[in-house]
Amino acid sequence: MTFEEFIMQARSMGASDIHLTVGAPTVIRVNGELRNFTELSDQVVHRTIVSILSAEQEKMLAEGQDIDFSFELKNGARQRVNVFHQSGRLACSIRLLNANIPTLVQLGMPTVLLDLAKKRRGLVLVTGPTGAGKSTTLAAMIQHINETRPCHIITIEDPIEYRYTQDKATIHQREIGRDVPSFEYALRSALREDPDVILIGEMRDYETISLAMTAAETGHLVFGTLHTSSAAQTIDRIIDVCPSNAQEQVRTQLANMIQGIIAQTLVPASDGKTRCAAVEIMLGSDAIRNLIRSNKIAQMETTMQGGTMQGMQTLIENLSRLYKSGKITYQTAIEYSNNPAEMEKKMLNG
């Protein structure tokens with residue numbers, strides 16, 4: 001079996017990830033669960049991992065660095081790869097990306113995300129744990145802009161996950177390590193490249209967050225991701241990552257420019273075969289902005305509950321709707337909620 005056939009077999013089984021490890025079974029992730037895959041010898045696993053590396057990447061790996069990159073099969077299917085050492089042996093994780101960018105409707109996302117994509121300035125964040133579908137949601141929003149608005153989009157990614165075909169928009173995609181050395185460098189450059197929309201693959205540190213907010217403040221629409229599980233936690237994370245002497249200024253900046261936070265996770269569907277997105281949505285209403293300015297983040301969920309007419313929703317509200325529509329089970333709703341007691345009460349009382 002060639003490496004391309006190996007990837008295609010995993011794809012045919014509905015896998016989202018492959019884990020290759022020298023000295024351990026090869027496993028794939030299907031609908032969020034790991035299962036054993038084709039048996040491969042240690043030599044084959046080692047040779048397979050090395051075969052997808054360039055000479056420069058092999059050298060970096062030998063020096064003790066982890067390697068992040070993406071590669072494309074002959075049929076256009078793209079994969080995101082991380083190669084690393086564990087217990088002195090080679091291993092790699094391969095994320096199997098969708099060849100086509102789904103629409104927000106196909107993803108089952110609320111229509112308010114289309115409204116966020118129409119904004120001309122400000123900050124829109126998509127958050128959630130690894131594997132929650134953040135990149136796919138962002139890609140769907142960027143593609144919507146591409147299809148509807150003649151503007152300049154710059155994406156900064158590590159690595160590039162989805163390739164866009166230019167439609168109404170002009171799109172430049174920059175990959176960390178290949179096109180540009182870092183997120184910070186790319187963002188500084190982007191501000192001199194006449195962008196209308198900037199996508200930042202991951203807002204990892206204060207420098208990146210600070211530049212992202214500056215870009216949003218100066219008239220650009222900025223999209224980014226964080227590994228946080230709720231809107232309130234996202235606000236806290238952004239503030240906490242900043243130096244203490246800058247936190248008050250950042251809080252004010254954030255209050256002025258935040259357009260929305262989409263916190264999502266993928267939960268098992270009731271059919272036992274697929275997953276669906278459970279989504280919390282916070283919008284930059286006057287009430288939300290005031291809470292951020294006055295550092296009353298704990299009150300945010302209550303404000304979101306009262307903002308349903310504007311398009312806001314809490315995770316508990318969304319899980320309750322998914323349960324009542326038969327898309328997920330009662331147990332799944334309880335398991336994935338951030339407050340099981342409140343979740344139970346919501347499902348019983350409506």
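Counting restarts for each chain, with residues numbered from 1 along the sequence as it is written. Since the coordinates come from a predicted model, pLDDT governs what is reported: local features require at least 70, and pairs of side-chain atoms require 80 or more to be given and counted, while whole-chain, interface and lining totals use all residues. Calculation of side-chain values draws on the structure's entire complement of heavy atoms; hydrogens and water are dropped beforehand.

Peer 1: Before we move on, can you summarise unusual backbone geometry with the specific residues and values?
Peer 2: Keep in mind that most residues, glycine aside, have a negative phi and that most peptide bonds are trans. In this structure, the amide linkage connecting Asp 158 to the following residue, Pro 159, adopts the cis form with an omega of -5°. Note on placement: Pro 159 falls in the loop between strand E8 (152-157) and strand E9 (170-175). One non-glycine residue, Ser 87, adopts positive backbone phi at about 50°. By the element assignment, Ser 87 lies in the loop between strand E5 (78-86) and strand E6 (89-96). Of note, the phi angle at Asn 295 is positive, near 60°, even though the residue is not glycine. Remark: exposure states derive from per-residue accessible area (1.4 Å probe, protein chains only) relative to the maximum for the residue type, with buried under 20%, exposed over 50%, and partly exposed in between. Note on Asn 295: relative accessible area 45%, which makes it partly exposed. Secondary structure elements follow DSSP: runs of H or I no shorter than four residues count as helices, runs of E no shorter than two count as strands, and numbering proceeds from the N terminus.

Peer 1: For the packing of helix H6 (residues 183-190) against helix H7 (residues 206-217), give the residues involved together with the corresponding values.
Peer 2: Helix-helix packing: each pair is described by the crossing angle between the helix axes and the interaxial distance. Each axis is a line fitted through C-alpha atoms, taken for helices only over the stretch in contact, and angles between the N-to-C directions span 0 to 180 degrees. Running from N to C, H6 and H7 point in directions that differ by 15°, and their axes come no closer than 9 Å. If you check the angle between H6 and H7, you find them roughly parallel. When the axes of H6 and H7 are compared, the crossing they make is left-handed. On the side of H6, the interface is formed by Phe 183, Glu 184, Leu 187 and Arg 188, while H7 contributes Glu 207, Thr 208, Leu 211 and Ala 212. Between 65 and 115 degrees an angle is taken as roughly perpendicular, under 35 as roughly parallel, over 145 as roughly antiparallel, and anywhere else as oblique. Two helices cross in a left-handed way if the nearer one is turned anticlockwise from the farther one by less than a right angle. They cross in a right-handed way if the turn is clockwise. Note on contacts: a residue pair is in contact if any heavy atoms of the two residues lie within 4.5 Å.

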